[in-house]
Amino acid sequence: MRKNSVPETQEVVLIGAGIMSATLAVLLKKLDPTLTITVYEKLDVISGESSNAMNNAGTGHAGFCELNYTPEKEDGSIDIKKAIDVASSFDLSREFWAHLVENEIISNPEDFITPTPHMSFVWGEDDVNFLRKRWETLSTHPLFKDMKYSEDWDEIASWLPLVMKDRKKGEPVAATRMEHGTDVNYGELTRKILMNLLFHNQIDLHMAHEVKNLKKKEDGSWELKVKNLATKKKSTKKANFVFIGAGGKAITLLEKSHIKEAKGYGGFPVSGEWLICNNPEVVKQHHAKVYGKAKIGAPPMSVPHLDSRQINGKASLLFGPFAGFSTKFLKNGSYWDFVGSMRKDNIVPMMSAGIHNIPLTKYLIEQVRQTKEDKLNALRDYFPDAKAEDWDEELAGQRVQVIQKDGKGGVLKFGTEIVCCEDGSLAGLLGASPGASTAVSIMIDLLQRCFPERFEAAWKGKIQEIIPSYNKASIAPKEYSDSRQRTAAILGLTPAMQHKREEVSSYVS
Ligand SMILES: Cc1cc2nc3c(=O)[nH]c(=O)nc-3n(C[C@H](O)[C@H](O)[C@H](O)COP(=O)(O)OP(=O)(O)OC[C@H]3O[C@@H](n4cnc5c(N)ncnc54)[C@H](O)[C@@H]3O)c2cc1C
């Protein structure tokens, strides 16, 4: 049996100050307060990459509105497994965040989470039939029992005035609505967690420090080469456990670690862009996240959506993301990232994934060539009356999709992948979807894989105390709704609290 490489007194290093490292840091400190945790971040800000609010869509992914989580099977039925997984994971995140609020590790949850209905909207007979079947199947499950469905023009218009205004009548339309949806500022949440840990001397946080290399030592520990980007000084750091939470750059550091489990992995970068509206007259007419159906060949994360966002006290509307191609692995990365990641062991999988994804390549080329007018026309499918002067283009974050070796050469994957070395002393996170929403369950999985004995002996029980729904094979419908009501009250998501928030924000503005 493999043993945990991590001894009792432990040096832990987390690379990157995004939502994943922040979640892991606070979980580890809860589970073992004696750990010494050092975080290195190459930027001079916390959550400056994908976790930053403007770099992602801020959806608390819960499977309510994302049509790509409920594909139609060959027999015409709807597969809801992925939606259930994501919904359960997001409920774990909510319970964990509620625990952090109750224990005063983070405060003022309204700074990072805003109740925002999650809706799907489709038009045309085929898509209406799909949405109806999806709702019929999902609403039998306790996690989705509150989902509303409508094909009634006036009812949908009362939910989504901007979407229905000036829309051509005659075409069938349908929408679903979940009131429990949320908009999450993952950047703010990351900052709150890391700043609290720093303030209480629970972590060492080194900003503008880039981890350049890492090497396994004979005693089983890791030696990291770190560069202080302000002084240009280099230093070494020893660690018993390393987490590579470097976002798009995780693939490069995993390659440098030379662990055999990372062999055959590659990364395919996809950049993103939004249309953003800051005109308060328009913004106040829409309050929902509205997801539609993806175009043929579009990667699942490029499903268009029109979102109400609440970022640092300011409301705006975001539409997109439009996909693009950039060879960078991070927004603040290098144009050499993609080429530099090619190795003997991943070149075949990378080429094979390219050959087998011609529709994706065609889709990306089409997207890159889009002008602002083309983007506005795509927006007008959702908001027919959109005016060019109200919308600006804004760069979103960079995603790196996982390419993995398989029997046929290589396959492009759209999920998240934990790569963990055999003795559990190093792990890295690849991929971006469903992403930040499921950070808590991803990090719990990582702990279970890297520290199996400690996890079984002590940590699992502690996690169950912190997150009551964790590891429950089946939960009665009443428990689901009790848990959601409890976390809603702690996180300020109840209708009464929402009303207070609106009152306060109208008073402030
Ligand atoms: C366009 C877009 C839309 C998205 N929408 C959603 C959404 O609606 N909901 C959702 O849940 N998720 C969404 N995601 C996914 C989500 O943003 C990511 O899954 C999540 O932010 C990843 O967090 P992270 O901590 O792994 O990475 P990041 O936030 O990218 O953090 C990695 C950090 O590592 C640092 N770093 C890199 N290399 C080094 C090094 N060598 N040394 C030191 N530091 C280093 C980087 O500077 C960065 O700060 C979206 C992503 C994108 C791009």
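Residues numbered from 1 in each chain as written. Predicted model: local features only at pLDDT ≥ 70, side-chain atom pairs only at ≥ 80, totals over all residues. Heavy atoms only, no water.

1. Quick look at the site of the ligand
In step 1: What surrounds the ligand is a group of 38 residues, the closest being E41, S51, T59, V211 and S437.
In step 2: At 3.2 Å from an oxygen atom of the ligand is found a main-chain nitrogen or oxygen belonging to S50.
In step 3: Contacts to the ligand include S51, whose side-chain N or O atom sits 2.5 Å from an oxygen atom.
In step 4: Burial of the ligand by the protein amounts to 96% of the accessible area it has alone, namely 1,000 Å².
In step 5: Residue assignment for the shell around the ligand shows that the elements contributing at least two residues are α1 (19-31) and β9 (209-216).
In step 6: Of the residues assigned to the shell around the ligand, the class counts are 16 nonpolar, 16 polar and 6 charged. (Near = heavy atom within 4 Å. Polar contact = N/O pair within 3.5 Å; in protein donor to acceptor, adjacent residues only side chain to side chain. Areas by Shrake-Rupley, 256 points an atom, 1.4 Å probe, with all protein chains shown as cover. Helix = DSSP H or I, 4+ residues; strand = E, 2+ residues; numbered from the N terminus. Nonpolar A, V, L, I, M, F, W, Y, C, P; charged D, E, K, R; others polar.)

2. Quick word on the side chain of H141
In step 1: Within the secondary structure, H141 is located in the loop between α3 (125-138) and β5 (148-150).
In step 2: Residue classification places H141 among the buried positions, given a relative accessible area of 18%.
In step 3: Filtering out sequence-adjacent residues up to four positions away, H141 remains in contact with I84 and Y480. (Buried < 20%, exposed > 50% of the residue type's maximum accessible area, 1.4 Å probe, protein only. Contact = heavy atoms within 4.5 Å.)

3. Some remarks on the packing of aromatic side chains
In step 1: One pass over the full model with this rule turns up 14 aromatic pairs.
In step 2: Both rings, one in W97 and one in F112, keep their centres 5.9 Å apart while their planes meet at 90 degrees; by these two values the pair is edge-to-face. One end of the pair, W97, is in helix α2 (residues 81-102); the other, F112, is in the loop between α2 and β3 (113-115), and 15 residues separate them in sequence.
In step 3: The class of F112 is buried, set by a relative accessible area of 1%.
In step 4: An angle of 45 degrees between the planes, with centres 5.5 Å apart, marks the rings of F319 and Y382 as tilted. (Phe/Tyr/Trp six-rings, centres within 6.5 Å; stacked < 30°, edge-to-face > 60°.)

4. Notes on a nonpolar patch on the surface
In step 1: Taken together, the side chains of M342, I347, V348 and M351 make up a nonpolar region of the molecular surface, amounting to roughly 340 Å² of accessible area.
In step 2: On the secondary structure map, M342 appears in the loop between α9 (337-340) and α10 (347-355).
In step 3: Its relative accessible area of 31% is what places M342 among the partly exposed residues. (Patch = residues over 30% accessible without salt bridge, like charges linked within 9 Å, V, L, I, M, F, W, Y side chains within 5 Å. Salt bridge = Lys/Arg side-chain N within 4 Å of Asp/Glu carboxyl O.)

5. So, unusual backbone geometry
In step 1: Of note, the bond from G320 into P321 is cis; its omega dihedral lies within 30 degrees of zero at -5 degrees.
In step 2: Tracing the backbone through its elements, the reader meets P321 in strand β16 (residues 314-324).
In step 3: The residue N201 is not glycine, and still its phi comes out positive at about 55 degrees.
In step 4: Summarising the element assignment, N201 is placed in the loop between α6 (186-199) and β8 (203-206).
In step 5: The class for N201 is exposed, based on a relative accessible area of 70%.
In step 6: For K232, which is not glycine, the phi torsion reads 70 degrees and is therefore positive.
In step 7: Along the chain, K232 falls in the loop between β10 (222-228) and β11 (234-239).

6. Here's the deal with the domain arrangement of the chain
In step 1: Considered domain by domain, the chain is made up of domain 1 (269-407) and domain 2 (477-508).
In step 2: The centre of domain 1, based on its C-alpha atoms, is set 31 Å off from the matching centre of domain 2. (Domains from an automatic or database assignment.)

7. A short note on the pattern of salt bridges
In step 1: Applying the stated criterion across every chain, the model contains 32 salt bridges.
In step 2: Between E422 and K260 there is a salt bridge, and its shortest N-O distance comes to 3.2 Å. One end of the pair, E422, is in the loop between β20 (416-420) and β21 (426-431); the other, K260, is in the loop between α7 (250-257) and β13 (266-277), and 162 residues separate them in sequence.
In step 3: Accessibility expressed as a relative area gives 54% for K260, which makes it exposed.
In step 4: One continuous salt-bridge network, built from bridges that share partners, spans D183, K289, D307 and R309.

8. Comments concerning α3
In step 1: Over its 14 residues, α3 extends 20 Å from the first C-alpha to the last, a length consistent with the 20 Å expected when each residue adds 1.5 Å.
In step 2: Those residues of α3 that sit buried are V128, F130, L131, R134 and L138. Here the buried residues of α3 occupy an arc of 160 degrees about the axis, which is enough to place them on one side. Opposite the buried face of α3, at more than 90 degrees from it, the exposed residues are E125 and D126.
In step 3: On its buried face, α3 is in contact with α2, β4 (118-123), β5 and β6 (173-178). (Expected span 1.5 Å × (residues − 1). Arc of directions from axis to C-beta.)

9. Looking at the sheet that holds β20
In step 1: Read across the open sheet, the 6 strands follow the order β8-β2-β1-β12-β21-β20; overall the sheet is mixed. Each of the sheet's edge strands pairs with one partner strand only, and the pair in question is β8 and β20. With strand direction ignored, the average angle separating the axes of adjacent strands in the sheet is 15 degrees.
In step 2: Sheet analysis places β20 next to β21, joined by 5 bridges and oriented antiparallel. Within the sheet, the bridge partner assigned to T416 lies in β21 and is G431.
In step 3: The strands touched by α1 are β1 (11-15), β2 (36-40), β8, β12 (241-244) and β21; relative to β1, the strand with the most contacts, the crossing angle is about 160 degrees.
In step 4: Together, β1, β12, β20 and β21 form the strand contacts of α7, whose direction differs from that of β21 by roughly 145 degrees. (Pairing = 2+ DSSP bridges. Axes fitted to C-alpha atoms, helices over the stretch in contact; angles between N-to-C directions.)

10. Some details on the sheet that holds β10
In step 1: Read from one edge to the other, the open sheet built from 3 strands follows the order β9-β10-β11, with strand pairing classed as antiparallel. For this open sheet the edge positions go to β9 and β11, each flanked by a neighbour on one side alone. Ignoring which end each strand starts from, the neighbouring axes of this sheet average 25 degrees apart.
In step 2: Inspection of the sheet shows β10 paired to β11 by 6 bridges, in the antiparallel sense. Bridge assignment links K227 to a residue of β11, and that residue is K234.
In step 3: Each of β9 and β10 is contacted by α7, which is oriented at about 30 degrees to β9, the strand it contacts most.

11. Points about the pairing of β9
In step 1: Sheet topology places β9 next to β10; 7 bridges connect them, and they run antiparallel. From the neighbouring strand, K215 faces β10, where its bridge partner is E223.
In step 2: Between the end of β9 and the start of β10, which pair antiparallel, lie 5 residues, with G220 showing a positive phi angle near 95 degrees.

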